[in-house]
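Chains, contacts and geometry: an overview
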Amino acid sequence: VSTQSTGSSGINAEYGYSSRVGDPSIVDDFKAKYAGVSIPRPEDTTSASIGVLEADFKKDVAEYLSGANERIATFESKLANLHAEKPMEEMTVEEYLSDKPELRAKIEADIASRAL
């Protein structure tokens, strides 16, 4: 592949085609026809909508990541609390229910409903 400049006509003038070809008018004719070739580019009708979709997607991903980081922090906090608790084998029922008032109320209501 040649990296030399081809000019606007696409034919490299450095090679001196006119002097190498028997009839220089053939080269001039080819240059004129080559310069007259126009390949229309299709109109870009989708880049704008793709840009909008991309921006919306990036916003959604940022919101999801923010929520995910909040959930991770919550789960890490709960996990730390579980690790800080006394092992279940060593815990009494009173100790277990001390920080679970809803469960305590449910158990007490269940016991009260079964009382003789």
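The following refers to the structure shown. Note that residues are indexed from 1 along each chain, following the sequence as it is written. Local features in this predicted model are restricted to residues of pLDDT 70 or higher, and side-chain atom pairs are both shown and tallied only at a pLDDT of 80 or more, whereas totals for entire chains, interfaces and linings draw on every residue. For the side-chain quantities, the full set of heavy atoms in the structure was used; hydrogens and water were omitted.

1. Points about the overall build of the protein chain
A count of helices and strands for the protein chain gives five helices and zero strands. Helices and strands appear in the protein chain in the N-to-C order α-α-α-α-α. Sorting the 116 residues of the protein chain into buried and exposed places 8% on the buried side. Accessible surface is estimated by sampling points in the Shrake-Rupley manner with a 1.4 Å probe; for residues, cover comes only from the protein chains shown. Accessible surface, the protein chain as shown: approximately 10300 Å² in total, 59% of it carbon and sulfur. Helix numbers and strand numbers start at the N terminus; a helix is a DSSP run of H or I with at least 4 residues, a strand a run of E with at least 2. Between buried and exposed lies partly exposed: a residue is buried under 20% and exposed over 50% of the maximum accessible area for its type, with that area taken using a 1.4 Å probe on protein chains only.

2. Side note on a nonpolar patch on the surface
Grouping into patches uses exposed residues only, defined as over 30% relative accessible area, and leaves out salt-bridged ones; the cut-off is 9 Å for like charges and 5 Å for nonpolar side chains (Val, Leu, Ile, Met, Phe, Trp, Tyr). Every case where a carboxyl oxygen of Asp or Glu lies within 4 Å of a side-chain nitrogen of Lys or Arg is listed as a salt bridge. Together, Phe57, Val61, Tyr64 and Leu65 make up an exposed nonpolar region whose accessible area comes to about 420 Å². As for its placement among the helices and strands, Phe57 is situated in helix H3 (residues 47–84). The class of Phe57 is exposed, set by a relative accessible area of 55%.

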